[in-house]
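Structural features, examined
Chain residues, written in single-letter form:
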Amino acid sequence: MTTTPHPLVTRARRLAHELLVPQAERVDQEGVPASHVEAVKRAGLLGVVAPRDHGGADAPVAVARETAEILSGACCSTWFVQTQHHTPVKLIATHDTPVREKLLRPLATGELMAGIAFAHVRAFPRVPVRAVPRDGGWRFEGKVPWYTGWGLNDVMLLAGVTDTAEVVFVCVEAHEQPGLTPSAPMRLAALSAARTVSLELDGLWVPDEAVVLRTPQEEFALIDLPRAANTVPAVFGVAYAALDLVARAPDGEETARSLRTRLDEVRREAYALADRPDPADCVPERLAVKTRAYDLLRAATTAAIVAGGGRSMDLGSRAQRLAREGMFLLVQGQTAEVRRTHLGSLASA
């Protein structure tokens, strides 16, 4: 992993070293505490992509990627809770709405933290959450299958689809209220600590001034496809953390060196493709690189398990935690196209 010279990278490394890594196994079993979120806020990391004139850092994309790698490699659950925040910030910042005026500065400075509830839009033409215009606003009906950070987030970016196939994004307060009921926290094989719930929407009413964006579903899909084809930095963060364990194990140094060299190469290629000026360019190539990164992630976390031997079966094992986090990253943000490509790659391996 390269080091980008930037104050946020320095703060992320300090946070990882002093807090996240030492407590990662406990957090994995007990849940992300509010104090971890506050530490991320104090480090300024919630404002990494936010505009400077609203209190954010407006950092280069390389800085955003490296801080994500550092946080995910240190404590993937904490990374996953805070990473939800950056998408609402970017979307709100690029649309001149009452929401921008009201929320962008507190989101950019970390006074508020946001979550996201719109992955279900990818299920179209199935519509898990429907948005219906009503009384100067919108009523939301249906079920959000996954919402991460419940009890830690202040607001959420929620989306529903209308009868005319328009996607409506709104900002709402992230707590139980009339028309919005959370499930109990889900027990998951990995990242249960991230406080993931489902949300039942039974006539949740949201005023027009809370709308961030309205866009045809086809346009949303055109933007979402290349974005989902890119490799998320957490894949590299968890893989590098696993290789650090392997390198410290007896007989593990050469294995770690070999896998690290290959991972460095794929990382460079993945980010170069993501930085192409046309977001829709080279989608097949991006998907191919993404599956190679997945292969190396599995190899790195498997090597950590092997290097740890029988101790890796203990729930308090760092190697096991990283392996489960790696399993989670194989399906995080998965689209139908990503799944088809990944399965095809596995079939031909």
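Scroll up a little and you will see the structure.
Residues numbered from 1 in each chain as written. Predicted model: local features only at pLDDT ≥ 70, side-chain atom pairs only at ≥ 80, totals over all residues. Heavy atoms only, no water.

Now for the environment of Gly-56. Tracing the chain through its elements places Gly-56 in the loop between helix H2 (34-42) and helix H3 (61-74). For Gly-56 and Val-89, which are 33 residues apart along the polypeptide, the C-alpha to C-alpha distance reads 9.9 Å. (Helix = DSSP H or I, 4+ residues; strand = E, 2+ residues; numbered from the N terminus.)

Two elements in contact, helix H8 (residues 233-248) and helix H11 (residues 318-329), have axes whose closest approach is 10 Å; the angle formed by their N-to-C orientations is 155 degrees. As far as their axial angle goes, H11 and H8 are roughly antiparallel. In the crossing of H8 with H11, the sense of the turn from one axis to the other is left-handed. Two secondary-structure elements touch here, H8 through Ala-234, Val-235, Val-238, Ala-241, Ala-242 and Leu-245 and H11 through Arg-318, Ala-319, Leu-322, Glu-325, Gly-326 and Leu-329. Here the contact of H8 with H11 is built from residues that sort into 9 nonpolar, 1 polar and 2 charged. (Axes fitted to C-alpha atoms, helices over the stretch in contact; angles between N-to-C directions. Parallel < 35°, antiparallel > 145°, perpendicular 65-115°, else oblique. Left-handed = near helix turned anticlockwise from the far one by under 90°. Contact = heavy atoms within 4.5 Å. Nonpolar A, V, L, I, M, F, W, Y, C, P; charged D, E, K, R; others polar.)

With respect to burial, strand E5 (residues 166-173) is a largely interior element, 7 of its 8 residues being buried. By the bridge criterion, 7 bridges tie strand E4 (residues 155-161) to E5 in an arrangement that is antiparallel. Across the sheet, residue Val-155 finds its bridge partner in E5, namely Glu-173. Linking two consecutive strands that pair antiparallel, namely E4 and E5, is a turn of 4 residues; a positive phi of about 60 degrees is found at Ala-165 within it. (Buried < 20%, exposed > 50% of the residue type's maximum accessible area, 1.4 Å probe, protein only. Pairing = 2+ DSSP bridges.)

The amide bond that connects Phe-124 to the next residue, Pro-125, takes the cis arrangement and shows omega of 15 degrees. In this structure, Pro-125 sits in the loop between strand E1 (114-117) and strand E2 (129-134). Non-glycine residue Leu-191 carries a positive phi angle of around 60 degrees. On the basis of relative accessible area, Leu-191 is assigned to the buried category, the value being 3%.

Packed helix pairs are specified by the crossing angle of their axes together with the interaxial distance, meaning the distance between the axes. It is at 10 Å that the axes of helix H5 (residues 86-93) and helix H6 (residues 98-109) come closest, and there the two elements cross at 140 degrees. Between H5 and H6, the angle is such that the two are oblique. Along this stretch, H5 crosses H6, giving a crossing that reads as left-handed. Listed contacts from H6 to Val-89, Ile-92 and Ala-93 of H5 are Val-99, Arg-100, Leu-104 and Leu-107. The class makeup of the residues in the contact of H5 with H6 is 6 nonpolar, no polar and 1 charged.

Counting 67 residues, the largest nonpolar core has Leu-15, Leu-45, Trp-79, Phe-236 and Leu-329 as the members making the most contacts within it. Of all the secondary structure elements, the ones that give two or more residues to this core are helix H1 (7-30), H2, H3, helix H4 (76-83), H8, helix H9 (253-274), helix H10 (283-308) and H11. A per-element tally of this core places H8 first, with 10 residues. Ignoring any residue separated from it by four or fewer positions in sequence, one finds Phe-236 in contact with Glu-69, Thr-231, Leu-263, Val-266, Arg-267, Ala-270, Tyr-271 and Ala-293. (Core = buried A, V, L, I, M, F, W, Y, C linked by side-chain atoms within 4.5 Å.)

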